[in-house]
Amino acid sequence: MQINPRYWSAIFLVGAVFVVFLSSIFGAVNIDFIQMLHALLKVFSMDEMNLSERIFIELRLSRVMLAFATGSILALGGSIMQALFRNPIVEPGLIGTSSGAAFGASVFIVFGASWNLTAYAFALPICAFLGALLASILVFTFSYQKTGMNVLGILLVGVALNALFLSGIGFLSYISRDPQARSITFWSLGSLSGANWQNTLVVWSALIAAFVSMLPLNKQLQLFVLGEENAAYLGVNVRQLRIKVMLINVLMISVATAFVGVISFLGLIIPHLYRLLSGNAHKFSLLNTALFGGIFLCVADLLSRMIFAPAELPLGVVTSLVGVPIFIILLKRTNVI
Amino acid sequence: MSFDLKVKGVSLDIHQKRILSDVNFELHPGQLTMVLGANGSGKSTLLKTLAKSMEPSTGEICINGKSLKEIPLAEFAKFRAVLTQQTNLSFQTKVEELILMGRYPHFQQVPNPQDLQCVESAISMFDLDFFRHRMYDTLSGGEQQRVQFARVYAQIAHVEDGALLLLDEPLTFLDIKHQLEFIVLIQKLVKEKNRSCLMVIHDVNLALKYGDYFLFMKEGRLIHQGGREVWNEALVHEVFGIQSTLIQSGENAYFSY
């Protein structure tokens, strides 16, 4: 079952190309390979596109790319947070980030119109991003101690603030009108239907920035597997590294969540699955986890569009429906449970 | 280059409580120095200040005349290795991978030939060839500790002269056979590779048999130090609070209690 991480990189790269291709073909309007080629060539030659070519480039392809970047970010976030907290059940939104984002989005959905915010581009993602930042800052502030940050403290404060923000969202749905309440639910389950090239590029930039800043830190972070004491004996400045990694996580998760809403389970399961597949090899772990997450979310998005086409299932529902059985089967097969 | 480590008047307070009080001693290469004392006497804290994971409140630790404060942690990790009691991993990890972690202070992204060579020499030194592809969690406690020791060995294996090995009760969870195997290995390593070594140990008789120099701690103070000649019944009583008899049998001496 375990093979060299280098081969996993190759497998995932091929898989990524294949999945992006496949999810670009299928949808409410199917597009064949020749049409795809024409559309892509017209992008570069700046020629006039027909309707189905425009659907492909502006809606379909941007959506697939947004799905891929979001999946990568969630998987990366889960991977680095699990390593940092030395705990396999940590997910990237644990320190309040995703419930804070959902709260920010809910505030916008309920009050946006009366505060005249709806006219601005990016108003919803900005509110969500601010909510995510607010939650994370609160967690850091409450768990800060003079002697540094205590990991258990961060986890506990994170759990408490998650509960607080979730009840805030519940309250907002309660006082809102029916369509607003539906929007809140829809947003809380994640959706890529708002995809366009603008937000796709923002999320890709966040992914690339986070990936590049994590690369030099990953080796040190891997030493946390031996415990923080041993990591320090191997020359790691534990306090500094902890803060850097959490900052990177909060920023990239906030950006992704701001555009696509809360996607559950992916950030928990993908790092776990990859660890089972690779035997926790550190080589290529960031790249492979990111590719794996991207592939997974593309497939989940394809399914969400296909199952009840032309209606769409919420993305969070699909990720859990697909992810949970795979996860349990793999845990069984590797004798973890 | 000789390696000389001096502990000068080190005191340490935590929450206004005095944990170490005016400790003075030296470590010499090729000599196995053992720290003994009752629980809470400050042995482990002393080791941690030498490991630079705690800082003395007053006094200083000097290595080749340079204060430990001025040596960056990442630099220190290149010639100082620490073995602790027992290490639980947060995720399943392959033995080979784990030993390579000892080399992480020495390379950026990709291990260089020297790193791989150190891993190989650790694997053969600790007889781990058979386990190298196994998962750490599937090993017994004794085997796990052997892997950890191999990792610690690999960390400073390339250093010809002047490396510091700190052992914080590494024998605690091992059975008698493994304890003996380990301490013989430690002794061999210290002598052959000329390591400066400080080891915290509980077993009085193992210490007496294998140690070269001894530090006795009580309530944060270093109350006695010296070679094998300092051991006697009165000292054991003072340090541990127990009555014992020193028995001489041929070459060996041991305490009966």
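Attention in this report is confined to the structure presented alongside it. (Residues numbered from 1 in each chain as written. Chains lettered and ligands numbered in written order. Predicted model: local features only at pLDDT ≥ 70, side-chain atom pairs only at ≥ 80, totals over all residues. Heavy atoms only, no water.)

Here we come to the overall build of chain A. Helix and strand counts for chain A come out as 14 helices and two strands. Taken over C-alpha atoms, the radius of gyration comes to 20 Å for chain A, in line with the 20 Å a tight globule of 337 residues would show. Summarising its shape, the C-alpha atoms of chain A cover approximately 65 × 50 × 40 Å along the three principal directions. Per-residue burial for chain A yields a buried fraction of 55% across its 337 residues. Here the contacts in chain A between residues at least 6 apart in sequence split such that 76% fall between residues at least 24 apart. When the accessible surface of chain A is split by element, carbon and sulfur atoms take 71% of a total near 15200 Å². (Helix = DSSP H or I, 4+ residues; strand = E, 2+ residues; numbered from the N terminus. Rg over C-alpha atoms; globule rule 2.2 N^0.38 Å. Buried < 20%, exposed > 50% of the residue type's maximum accessible area, 1.4 Å probe, protein only. Contact = heavy atoms within 4.5 Å. Areas by Shrake-Rupley, 256 points an atom, 1.4 Å probe, with all protein chains shown as cover.)

What follows is about the interface of chain A and chain B. Taken together, the contact between chain A and chain B spans 27 residues of the former and 31 residues of the latter. Considering only the surface of chain A that becomes buried against chain B, Lys219(A), Tyr233(A) and Leu234(A) emerge as the three largest contributors, covering 31% of it. Here chain A and chain B share zero salt bridges between them. For the pair chain A and chain B, the interface holds seven residue pairs in polar contact (both at pLDDT 80 or more). Put simply, the parts of the chain that give the side of chain A that touches chain B at least two residues each are helix 3 (51-85), helix 9 (218-222) and helix 10 (228-233) of chain A. (Buried area = accessible area lost by both parts, 1.4 Å probe. Salt bridge = Lys/Arg side-chain N within 4 Å of Asp/Glu carboxyl O. Polar contact = N/O pair within 3.5 Å; in protein donor to acceptor, adjacent residues only side chain to side chain.)

On to the pattern of salt bridges. According to the stated counting rule, one finds 13 salt bridges over all chains in the structure shown. Linking Asp4(B) and Lys6(B) is a salt bridge whose minimum nitrogen-to-oxygen distance equals 2.9 Å. In this structure Asp4(B) comes out as partly exposed when scored by relative accessible area, which is 22%. Taking the shortest distance from any N to any O, the salt bridge between Glu181(B) and Lys177(B) comes out at 3.4 Å. Placement of both Glu181(B) and Lys177(B) in helix 6 (residues 176-192) is noted, with a separation of four residues, approximately one turn of the helix. Connected via shared salt-bridge partners are Arg63(A), Asp301(A), Arg305(A) and Glu312(A).

A few words on the packing of aromatic side chains. In total, this model carries 18 aromatic pairs over all chains according to the counting rule given. On the numbers, 5.5 Å between centres and 80° between planes, the contact of Tyr104(B) with Phe107(B) is edge-to-face. The residues Tyr104(B) and Phe107(B) share a single accessibility class, namely buried. Aromatic pair Phe126(B) and Phe149(B): ring centres 4.9 Å apart, planes at 55°, arrangement tilted. In this pair, Phe126(B) sits in the loop between helix 4 (113-125) and helix 5 (141-156) while Phe149(B) sits in helix 5, placing the two residues 23 residues apart along the sequence. Like Phe126(B), the residue Phe149(B) is buried in the burial classification. Within the aromatic cluster, the residues linked to one another by ring pairs are Trp8(A), Phe12(A), Tyr274(A) and Phe292(A). For Arg275(A), the ring lying beneath its charged end belongs to Phe91(B), and the centroid distance is 3.7 Å. (Phe/Tyr/Trp six-rings, centres within 6.5 Å; stacked < 30°, edge-to-face > 60°. Lys NZ or Arg CZ within 6 Å of the ring centre and 35° of its normal.)

Attention now goes to the environment of Val23(B). All names here are of chain B. The residue Val23 is located in strand 2 (residues 17-27) in this model. For Val23 and Glu229, which are 206 residues apart along the polypeptide, the C-alpha to C-alpha distance reads 21 Å. With residues near it in sequence (within four places) discarded, Val23 still touches Val7, Lys8, Gly9, Val10, Leu46, Gly220 and Leu222.

Residues and elements named next belong to chain B. For the coordinates displayed, the defined rule picks out four cavities of 30 Å³ or more. Taken as a whole, the second largest cavity holds about 90 Å³ of empty space. Residue lining of the second largest cavity: Thr49, Lys52, Met54, Glu55, Pro56, Gly59, Glu60, Ile61, Ser67, Leu68 and Lys69, and that is the complete set. Top element by residues in the lining of the second largest cavity is strand 4 (residues 58-63). It accounts for three residues. Within the lining of the second largest cavity, the residues separate by chemical class into four nonpolar, three polar and four charged. (1 Å grid on protein atoms, 1.4 Å probe; cavity = no way out; pocket = protein on both sides within 12 Å on 5 of 7 lines; lining within 4 Å. Points joined across faces, edges and corners; volume = space filled by probe spheres on them. Nonpolar A, V, L, I, M, F, W, Y, C, P; charged D, E, K, R; others polar.)

Phe85(A), Phe25(B), Met34(B), Ile99(B) and Trp231(B) are the most contacted members of the largest nonpolar core, which has 175 residues in total. Not counting the four nearest positions on each side in its chain, Phe85(A) is found in contact with Val90(A), Ile95(A), Val151(A), Ile154(A), Leu155(A) and Met246(A). Ala101(A), Val110(A), Ala128(A) and Val262(A) belong to the second largest nonpolar core, which has 14 residues in total. (Core = buried A, V, L, I, M, F, W, Y, C linked by side-chain atoms within 4.5 Å.)

So, on to the sheet that holds strand 9 (residues 213-218) of chain B. Residue and element names in this part refer to chain B. With respect to topology, six strands assemble into an open sheet ordered 6-7-8-3-9-10, the strand pairing being mixed. Both outer strands of the open sheet, strand 6 (80-83) and strand 10 (221-226), are each paired with one neighbouring strand and no more. Here the strands of the sheet are splayed against their neighbours by 15° on average, with no regard to which way each runs. Bridge analysis of strand 7 (residues 164-168) against strand 8 (residues 196-200) gives five bridges, and the strand direction is parallel. By the bridge assignment, Asp168 is partnered in strand 8 with Val200. (Pairing = 2+ DSSP bridges. Axes fitted to C-alpha atoms, helices over the stretch in contact; angles between N-to-C directions.)

On to helix 12 (residues 266-278) of chain A, then. In this model helix 12 of chain A runs 18 Å from its N-terminal to its C-terminal C-alpha over 13 residues, within 8% of the 18 Å that 1.5 Å per residue would give. Directly beyond the C-terminal end of helix 12 of chain A, a positive phi value near 70° is found at Gly279(A). (Expected span 1.5 Å × (residues − 1).)

Let us look at unusual backbone geometry. Residue and element names in this part refer to chain B. Positive phi is not limited to glycine here, since Gln16 has a value of about 60°. Position of Gln16 relative to the elements: it lies in the loop between strand 1 (5-14) and strand 2. Take Gln16: its relative accessible area is 80%, and that puts it in the exposed class. With phi around 70°, Lys52 is a residue other than glycine that occupies positive phi space.

For the rest of this paragraph, the subject is helix 14 (residues 315-333) of chain A. Residues and elements named next belong to chain A. The terminal C-alpha atoms of helix 14 lie 27 Å apart, and with 19 residues this matches the ideal 27 Å at 1.5 Å per residue to within 8%. Of all the bends in helix 14, the largest measures some 25° and sits at Gly323, one to four residues before the proline Pro325. Considered for burial, the residues of helix 14 that qualify are Leu315, Gly316, Val318, Thr319, Gly323, Phe327, Leu330 and Leu331. If you follow the buried residues of helix 14, they end up packed against helix 12 and helix 13 (285-306). (Bend = angle between axes of the 7 residues up to and from the residue.)

All names here are of chain A. By the element assignment, Gly190 lies in the loop between helix 7 (178-188) and helix 8 (197-214). The exposure class of Gly190 is buried, given its relative accessible area of 0%. Setting aside anything within four residues of it in sequence, one finds Gly190 in contact with Val260, Gly261, Val262, Ile263, Pro314, Leu315 and Gly316.

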